[in-house]
Amino acid sequence: MEAERLQKDLQRAEIEPDWWVVNQSWQDIKTTEPVLQNRALAENKWIQKVTVLSKDTALVPWKANEPTGWRQLEILTQH
């Protein structure tokens, strides 16, 4: 898993991350489309693995348009 490899690299540099961010998560997307529902289910095991790597994990939901700029990031942090 990419997060595990990156964490090991950071630890070799004596950096211990407190947070991991999971981008484009399907966990909180409300849909009845079977393919998208399955995608959300499939990412569960990866999210569980990431949550044990650090003190906290943030899930950033999938968005049709990528949030850019500080105002968009501020909106993301308010949820």
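Residues numbered from 1 in each chain as written. Predicted model: local features only at pLDDT ≥ 70, side-chain atom pairs only at ≥ 80, totals over all residues. Heavy atoms only, no water.

**Topic: the nonpolar core**
Phase 1 of the analysis: Within the largest apolar cluster, six residues are counted, these being Ala 3, Trp 20, Val 22, Ile 47, Val 50 and Leu 53.
Phase 2 of the analysis: Of all the secondary structure elements, the ones that give two or more residues to this core are β1 (19-25) and α2 (34-51).
Phase 3 of the analysis: Those residues in contact with Leu 53, other than ones at most four positions away along the chain, are Met 1, Ala 3, Glu 4, Gln 7 and Trp 20. (Core = buried A, V, L, I, M, F, W, Y, C linked by side-chain atoms within 4.5 Å. Buried < 20%, exposed > 50% of the residue type's maximum accessible area, 1.4 Å probe, protein only. Helix = DSSP H or I, 4+ residues; strand = E, 2+ residues; numbered from the N terminus. Contact = heavy atoms within 4.5 Å.)

**Regarding the pairing of β1**
Phase 1 of the analysis: In this sheet, strand β2 (residues 56-61) lies alongside β1 in parallel orientation, the contact comprising five bridges. Across the sheet, Val 21 pairs through a bridge with Ala 58, a residue of β2.
Phase 2 of the analysis: Where the polypeptide runs from β1 across α2 and back to β2, its parallel neighbour, the crossover connection is right-handed. (Pairing = 2+ DSSP bridges. Right-handed = clockwise from strand over helix to strand, strands pointing away.)

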